[in-house]
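Examining the three-dimensional arrangement
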Amino acid sequence: MTRVPRGYIAQRRRTKMRSFASNFRGAHLRLNRMITQQVKRAFVSSHRDRGRQKRDFRRLWITRINAATRVYKVFDSYSKLIHNLYKKKLILNHKMLAQVAVSNPNNVYTISNKIKIIN
């Protein structure tokens, strides 16, 4: 039986996988089966780590806000600050609040005074 060259679709599929693996090294860049495995693994990791990144950043922001509230004696803890913010309908983004806490912590003190004045 003579050898049959495979069609255009299979070639196109491999080329597409190869384009995803353009930054890989060694066999992960050259061998089709290895490319397929590594690209699938990379997609799984990227999908998992997108959620993990959101989680990690939220933890970082909470830690920064908590540190600023404790240093400047704003409230006893982060949770009390956030609770009072929500109670007074001063809904601030965690990211923005953390940025304020890092760049100019005195503003966290000012925000807390606004909360106390509304009482």
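None of these values were measured; they are calculated from a predicted model.

Before going further, it helps to examine the overall build of the protein chain. Along the backbone of the protein chain there are six helices and zero strands. When the helices and strands of the protein chain are placed in sequence order, the string is α-α-α-α-α-α. Computed over the C-alpha atoms, the radius of gyration of the protein chain is 26 Å, more than 25% above the 14 Å expected from 2.2 N^0.38 for a compact globule of 119 residues. By residue count, 19% of the 119 residues in the protein chain fall in the buried class.

Counted under the stated rule, the structure contains two aromatic pairs. When the centroid spacing of 5.1 Å and the interplanar angle of 80° are considered together, the rings of Phe-20 and Phe-43 count as edge-to-face. Linking Phe-20 in helix H1 (residues 8–20) with Phe-43 in helix H3 (residues 32–71), this pair joins segments that are 23 residues apart in sequence. Looking at Phe-20, the relative accessible area reads 43%, which means it is partly exposed.

Assignment of secondary structure puts Thr-69 in helix H3. The exposure class of Thr-69 is buried, given its relative accessible area of 0%.

On to the confidence of the model for the protein chain, then. Averaged over every residue, the pLDDT of the protein chain is 88; the share at 70 or more is 98%. Taken element by element, the protein chain is modelled with least confidence in helix H6 (residues 106–118), mean pLDDT 77, and with most confidence in H3, mean pLDDT 94.

Our next topic: empty space enclosed by the protein. Applying the stated criterion across every chain, the model contains one cavity of 30 Å³ or more. Within this model, the largest cavity holds a volume of roughly 30 Å³. Along the walls of the largest cavity sit Ile-82, Leu-85, Tyr-86, Leu-90, Ile-91 and Leu-92, which together make up its complete lining. The class makeup of the residues in the lining of the largest cavity is six nonpolar, no polar and no charged.

This part covers helix H5 (residues 94–103). Considered for burial, the residues of H5 that qualify are His-94, Leu-97, Ala-98 and Ala-101. An end-on view of H5 places all buried positions within 100° of arc, on one side of the element. You can read the cap of H5 off the contacts: a side-chain oxygen lies 3.2 Å from the backbone nitrogen of Lys-95, and it is on Asn-93.

Reading guide: rules and limits
- Residues numbered from 1 in each chain as written.
- Predicted model: local features only at pLDDT ≥ 70, side-chain atom pairs only at ≥ 80, totals over all residues.
- Heavy atoms only, no water.
- Helix = DSSP H or I, 4+ residues; strand = E, 2+ residues; numbered from the N terminus.
- Rg over C-alpha atoms; globule rule 2.2 N^0.38 Å.
- Buried < 20%, exposed > 50% of the residue type's maximum accessible area, 1.4 Å probe, protein only.
- Phe/Tyr/Trp six-rings, centres within 6.5 Å; stacked < 30°, edge-to-face > 60°.
- pLDDT = per-residue confidence, 0-100.
- 1 Å grid on protein atoms, 1.4 Å probe; cavity = no way out; pocket = protein on both sides within 12 Å on 5 of 7 lines; lining within 4 Å.
- Points joined across faces, edges and corners; volume = space filled by probe spheres on them.
- Nonpolar A, V, L, I, M, F, W, Y, C, P; charged D, E, K, R; others polar.
- Arc of directions from axis to C-beta.
- Polar contact = N/O pair within 3.5 Å; in protein donor to acceptor, adjacent residues only side chain to side chain.

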